[in-house]
Amino acid sequence: MNPFVYRRAIDPRGAIDMAARPDACFIAGGTDFMQLWKAGISAPNLLIDISRLPLTAVERHDGGLRIGALARMSDVADHPEVRNSYPVLAQALLASASPQIRNVATIGGNLLQRTRCLYFRSGSLPCNKREPGSGCGARDGENRLHAIFGASAQCAATHASDLAVALVALGARVLLASQNGERALLLEDFFRLPEAQPEQDTVIAPGELIASIDVPAAGTWRSYYLKVRDRASFEFAVVSAAVVLDLADDRIRTARIAAGGVGTRPWRLRGCEAALIDAAPNAATFERAARLAGEGAQPLRHNGFKMALLERTVLRALQAVRGDL
Amino acid sequence: MTDHGDDQVMVTLRVNGCDHEVVADVCATLLDVLRDGLSLTGTKKGCDMGACGACTVLIDGRRIKSCLALAVMQDDKDILTIEGLASGEEPHALQRAFVEHDALQCGYCTPGQIMSAVGLMQEGRATSGASIREFMSGNLCRCGAHPHIVAAIAQVAGIVP
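What counts and how
Residues numbered from 1 in each chain as written. Chains lettered and ligands numbered in written order. Predicted model: local features only at pLDDT ≥ 70, side-chain atom pairs only at ≥ 80, totals over all residues. Heavy atoms only, no water. Phe/Tyr/Trp six-rings, centres within 6.5 Å; stacked < 30°, edge-to-face > 60°. Helix = DSSP H or I, 4+ residues; strand = E, 2+ residues; numbered from the N terminus. Buried < 20%, exposed > 50% of the residue type's maximum accessible area, 1.4 Å probe, protein only. Domains from an automatic or database assignment. Contact = heavy atoms within 4.5 Å. Buried area = accessible area lost by both parts, 1.4 Å probe. Salt bridge = Lys/Arg side-chain N within 4 Å of Asp/Glu carboxyl O. Polar contact = N/O pair within 3.5 Å; in protein donor to acceptor, adjacent residues only side chain to side chain. Nonpolar A, V, L, I, M, F, W, Y, C, P; charged D, E, K, R; others polar. Axes fitted to C-alpha atoms, helices over the stretch in contact; angles between N-to-C directions. Parallel < 35°, antiparallel > 145°, perpendicular 65-115°, else oblique. Pairing = 2+ DSSP bridges. Left-handed = near helix turned anticlockwise from the far one by under 90°.

### Quick look at the packing of aromatic side chains
Residues and elements named next belong to chain A.
Okay, so step 1: In this structure the tally under the stated criterion is four aromatic pairs over all chains.
Okay, so step 2: For the ring pair Phe-4 and Phe-33, a centre distance of 6.4 Å and an interplane angle of 65° mean the geometry is edge-to-face. Of this pair, Phe-4 sits in the segment before strand 1 (5-8) while Phe-33 sits in helix 2 (residues 31-38), and the two are 29 residues apart along the sequence.
Okay, so step 3: You can call Phe-33 buried: its relative accessible area is 9%.
Okay, so step 4: Clustering of aromatic rings is evident, with ring pairs tying together Phe-4, Phe-33 and Trp-37.

### Topic: the domain arrangement of chain A
Okay, so step 1: Split by domain assignment, chain A resolves into domain 1 (5-51) and domain 2 (222-322).
Okay, so step 2: Between the C-alpha centres of domain 1 of chain A and domain 2 of chain A there is a distance of 36 Å.

### Digging into the interface of chain A and chain B
Okay, so step 1: Facing the 35 residues of chain A at the interface are 33 residues of chain B.
Okay, so step 2: Here chain A and chain B share an interface that buries about 2700 Å² over both sides, 55% of which is from carbon and sulfur atoms.
Okay, so step 3: When the buried area of chain A at its contact with chain B is split by residue, Tyr-6, Lys-38 and Gln-100 of chain A rank highest and sum to 23% of it.
Okay, so step 4: Across the contact surface, chain A and chain B share six salt bridges.
Okay, so step 5: Run the count over chain A and chain B and you get 17 residue pairs in polar contact (both at pLDDT 80 or more).
Okay, so step 6: Put simply, the parts of the chain that give the side of chain A that touches chain B at least two residues each are strand 1, helix 2, strand 3 (46-49), helix 3 (73-78) and helix 6 (99-102) of chain A.
Okay, so step 7: No other element matches the five residues that helix 2 of chain A contributes to the side of chain A that touches chain B.
Okay, so step 8: Grouping the constituent residues of the side of chain A that touches chain B by class yields 16 nonpolar, ten polar and nine charged.

### Let's talk about the packing of helix 5 (residues 87-94) of chain A against helix 9 (residues 162-169) of chain A
All names here are of chain A.
Okay, so step 1: Where helix 5 meets helix 9, the axes come as close as 8 Å, and the angle between the chain directions of the two elements is 170°. As far as their axial angle goes, helix 9 and helix 5 are roughly antiparallel. The residues of helix 9 that touch helix 5, namely those facing Val-88, Leu-89, Ala-92 and Leu-93, are Asp-162, Leu-163, Ala-166 and Leu-167.
Okay, so step 2: Across the contact of helix 5 with helix 9, the residue classes tally to seven nonpolar, no polar and one charged.

### Observations concerning the environment of Ala-293 of chain A
All names here are of chain A.
Okay, so step 1: Here Ala-293 is to be found in the loop between helix 12 (283-290) and helix 13 (305-322).
Okay, so step 2: By relative accessible area, Ala-293 is classed as buried at 2%.
Okay, so step 3: For the pair Ala-293 and Gly-181, spaced 112 residues apart in the sequence, the C-alpha separation amounts to 39 Å.
Okay, so step 4: Excluding residues that lie within four positions of it along the chain, Ala-293 makes contacts with Phe-149, Leu-269, Cys-272, Leu-310, Glu-311 and Val-314.

### Some words on the sheet that holds strand 8 (residues 209-215) of chain A
All names here are of chain A.
Okay, so step 1: With antiparallel pairing, the five strands of this open sheet are ordered in space as 4-5-8-6-7. With partners counted over all chains shown, the strands left at the sheet margins are strand 4 (58-61) and strand 7 (181-186), one partner each. Strand-to-strand, the axes of this sheet are offset by a mean angle of 25°, without reference to chain direction.
Okay, so step 2: Two elements, strand 4 and strand 5 (residues 64-68), share four bridges in a ladder whose sense is antiparallel. Looking at the pairing, His-61 lines up with Gly-64 of strand 5.

### Structural notes on the packing of helix 12 of chain A against helix 13 of chain A
All names here are of chain A.
Okay, so step 1: Two elements in contact, helix 12 and helix 13, have axes whose closest approach is 9 Å; the angle formed by their N-to-C orientations is 150°. Taken together, the axes of helix 12 and helix 13 are roughly antiparallel relative to one another. You can see that helix 12 and helix 13 cross each other, and the crossing is right-handed. Contacts between helix 12 and helix 13 pair Ala-283, Phe-286, Glu-287 and Ala-290 from the former with Glu-311, Val-314, Leu-315, Leu-318, Gln-319 and Arg-322 from the latter.

### As for the sheet that holds strand 9 (residues 222-228) of chain A
Residues and elements named next belong to chain A.
Okay, so step 1: The strand order 9-10-11-12 describes an open sheet built from four strands, whose pairing is antiparallel. At either end of the open sheet lies a strand with only one pairing partner, and these are strand 9 and strand 12 (267-268).
Okay, so step 2: Of the strand pairs in this sheet, strand 11 (residues 251-260) and strand 12 are connected by two bridges, and their pairing is antiparallel. Bridging across to strand 12, Ala-259 finds its partner in Trp-267.
Okay, so step 3: Against the sheet, helix 5 contacts strand 9 and strand 10 (239-248), and its axis sits at roughly 20° relative to strand 9.

Encoded structure:
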């Protein structure tokens, strides 16, 4: 465990100014950082405490919802507007981690959590994400929990966040603040594919701070998050699906589906979406769409079972969002 | 919070209603400072990685894992540990229920289980056996006392699990 210097930021500008050096790291809830630091995976020289910055509000914005980056997972899950208009968000949050973790962990930190790949977390086994150039232990090793979408020869680690899957399905944007001002981008584009640089999970630059997450207006959307895991609670997803549908006049007007546990980042299932749009929301449509979930997948030795599991997870989530279950 | 160079810091922790000034390593967890700095050893260290829940305490009324919290970040907050739960000689209702239901074997996880149960009840999640099981998932008992733990919490909540 490398020692660090601790500084507390009193406003966002101060936090950003302090972070303008490559060996600095923000801490808010700290639930993932502390694990990474104890395992020797994260070793910043400067730790900047942003936990008391005023970025915790959840409020209406542009017809949708603006979620402060420092809002706690449990508070967002309990927020009336989230529960009523964005059930997929509340469900994804309540299926994450444990109550104690959710009371502390923030929305921004959740999006920046590192993968649960055992090679990455081991601290000593080969892992290009942890130690560039050391190789990928999972590719020819134990890869039951690894990605079937988006992997490269360098990395097949899945993205661990449930919340990110739900937010990608909702078309959320992330607002980043830095010394150069602010920029907003689709959360989907915030996460990087591993390609040749798996050590970079996202496009966030040193000195950039997540300020908020903006979720579009829900209108008449219905949504649902289904998480399938190896035990009933307090476990990461083997496969998950976030489904957002807008049903009108016996026709599916909008369909957005993202999957977790299967991709190196939250994975949009565009083939499924295309098969749903303008179709009638009935059992035959849902079955036809769900069969397309594995399109383009490239399973590894131990994770081929995720193909069928993903199809069934998408189908059940579609049935649930229509109220069949 | 006063700086003592870059490695150590003087931090005032309000634990069970009393202010304690401690000089702590800036890298020290709240768990280690409670146990080693304040000799409040009721809070237990199990996995030290946020998985087992033995280190659960309440901060400003919310249950958290003290092994994943830096002590230096906790000044001006109300910290409640198992030592502060009873009213004098009168045990908390959950402490009494754990005894009555034999909700432990070795007892190592028990302070964390009880503090987590206090948080669960304040969150309004003790509504059914299924809800208690789901919202106690952050506390593991390797002796396997979970059914008795659920029964103890259900009794205090006044529900049939």
